[in-house]
Amino acid sequence: METVAEGLAFPEGPVVMADGSVIVVELASGRITRCWNGRKEVVCEIGGGPNGAAIGPDGALYVCNNGGLDLTRFQNARGPGCKGRIERVDLATGTFERLYDNCDGIALEAPNDLVFAADGTLWFTDLGKTHDGIRTASGLFACSADGTAITAIDRHPISYNGVGLSPDGTTIYCADTHQARLYSYKAAAEAQRPQWVATAPGHVGFDSLAVTAAGNICVATLYQGGITTITLDGKTTKRAFDDRYTTNIAFGGEEMQDAWITLSASGRLIKVRWDEPGLRLNFNG
């Protein structure tokens, strides 16, 4: 295991770049940071609570921003500037713009994770928010990268977090945090209900995910920290890591068998060798 960066403020959303650097969001500081060769460089101070990131068809970085999170009380921030949104970051300048903060006039709550399909459609989850012990709606959405069209796929989940595409691009996978369940949908921008895929054993929660070239789903697993791999027939295995908030995994390298993992409670980005190649994302170069 190699420590790529440490001292990060609850890192998530690793994006493996073509030049070998890795961009992470720092949820607790409202910052986006590039990490490489033991160095850290601030891309921008985006504010709120950046939660997930992905490179889009135009080479920009697209970010799910939950609006801000009080990590001492594990509930969402309130007040001006705390609205959930999808944002676009120009990596050359660090400037950013808001693309979406509502769908059909209903505010986004806490956008969490995102993935781009080959046709440029952006799929993202909304975890929902917690205020004073009361939770608001979660969901799955699809939208265009230019900010002109957004569709609610499902407004009824409990707590959707990670999202990913099957290798053939026909299936969307969503990980539900509080249920520790994986669900699937057709990759069609229309209202749907999910299909159950698998449930993780034990007192755990699901966070973000990545898909392998063979179609297995690797889900970051909370509380008993690790990565749970779910095969297409629903079997689960787990690789443990020393952080109860193991929150995300991303693949890269020449053979796509290098895995970058965020260990968020301890503020680390690590790199390990994986036992199978990851799926190459559509616009990461």
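A brief look at the structure comes next. Here the residue numbering is sequential within each chain, running from 1 through the sequence in written order. In view of the model being predicted, local features appear only for residues whose pLDDT reaches at least 70, and side-chain atom pairs are presented and counted only at 80 or more, with totals across whole chains, interfaces and linings using the full set of residues. Heavy atoms throughout the structure, all of them, feed into the side-chain values; hydrogens and water do not.

1. Here's the deal with the side chain of Thr212
Following the sequence through the fold, Thr212 ends up in the loop between strand E24 (205-211) and strand E25 (217-222). Any residue under 20% of the maximum accessible area for its type is buried, any over 50% is exposed, and the rest in between are partly exposed; the area is computed with a 1.4 Å probe on protein chains only. Given a relative accessible area of 0%, Thr212 falls into the buried group. A polar contact is formed between the side chain of Thr212 and the side chain of Glu276, at a distance of 3.1 Å. By definition, residues are in contact when any of their heavy atoms lie within 4.5 Å. Each residue touching Thr212, except ones within four places of it in the same chain, is listed here: Pro167, Cys218, Phe251, Glu276, Pro277, Gly278 and Leu279. Helix and strand assignments come from DSSP, with helices taken as H or I runs of at least 4 residues and strands as E runs of at least 2, each series counted from the N terminus. Pairs of N or O atoms are called polar contacts if they sit within 3.5 Å, as long as, within protein, a hydrogen donor faces a hydrogen acceptor (for residues adjacent in sequence, only side-chain-to-side-chain pairs).

2. Quick look at the state of the cysteines
Here a disulfide denotes a covalent bond joining the sulfur atom of one cysteine to the sulfur atom of another. Counting rule for disulfides: a pair of cysteine sulfur atoms within 2.5 Å. Taken as a whole and judged by the stated rule, the model has zero disulfides. No disulfide involves Cys44; its sulfur sits 13 Å from that of Cys35, the nearest cysteine.

3. Describing the pairing of strand E29 (residues 258-263)
The element E29 is largely enclosed, with a buried count of six among its six residues. Covered by surrounding structure in E29 are Asp258, Trp260 and Thr262 together with Ala259, Ile261 and Leu263, the residues of both alternating faces. A pair of strands is labelled paired if DSSP reports no fewer than 2 bridges between them. Note that strand E28 (residues 246-252) and E29 share six bridges and pair antiparallel. Within E29, the position partnered with Asn248 by the bridge is Thr262. The antiparallel hairpin formed by E28 and E29 contains five residues in its connecting segment, where Gly253 sits at a positive phi of about 90°. Where E29 lies against strand E30 (residues 268-273), six bridges are found, and the strand directions are antiparallel. By the bridge assignment, Trp260 is partnered in E30 with Lys271. Hairpin connection between E29 and E30: a loop of four residues separates the two successive antiparallel strands, and Gly267 in this loop has a positive phi of roughly 70°.

4. Section: the side chain of Asn65
Position of Asn65 relative to the elements: it lies in strand E7 (residues 61-65). For Asn65, a relative accessible area of 0% gives the class buried. Within the local environment of Asn65, its side chain forms a polar contact with the backbone oxygen of Gly47, the two atoms lying 3.0 Å apart. Residues within four places of Asn65 in sequence aside, it is in contact with Ile46, Gly47, Gly48, Gly49, Pro50, Gly84, Arg85, Glu87 and Pro111.

5. Description of the pattern of salt bridges
For this analysis, a salt bridge means a side-chain nitrogen from Lys or Arg found within 4 Å of a carboxyl oxygen belonging to Asp or Glu. Taken as a whole, this structure holds 14 salt bridges when the rule is applied. The partner of Arg88 in a salt bridge is Asp58, with the nearest N and O atoms 2.9 Å apart. One end of the pair, Arg88, is in strand E10 (residues 85-89); the other, Asp58, is in the loop between strand E6 (50-55) and E7, with 30 residues separating them in the sequence. Look at Asp58 and you get partly exposed, because its relative accessible area is 42%.

6. Regarding the packing of aromatic side chains
Pairing of aromatic rings covers Phe, Tyr and Trp, the last through its six-membered ring, and needs centres within 6.5 Å; plane angles under 30 degrees mean stacked, over 60 mean edge-to-face, and all others mean tilted. Summed over the entire model, instances satisfying the criterion amount to eight aromatic pairs. Taking 6.1 Å as the distance between ring centres and 85° as the angle between the ring planes, the aromatic pair formed by Phe116 and Phe283 counts as edge-to-face. Of this pair, Phe116 sits in strand E14 (residues 111-116) while Phe283 sits in the segment after E30, and the two are 167 residues apart along the sequence. Judged by its relative accessible area of 4%, Phe116 falls in the buried class. An angle of 45° between the planes, with centres 6.0 Å apart, marks the rings of Tyr160 and Tyr183 as tilted. Placement of the pair is Tyr160 in strand E20 (residues 160-165) and Tyr183 in strand E22 (residues 181-186), with a sequence separation of 23 residues. Of the aromatic side chains, those joined through ring pairs into one cluster are Phe10, Tyr223 and Tyr245.

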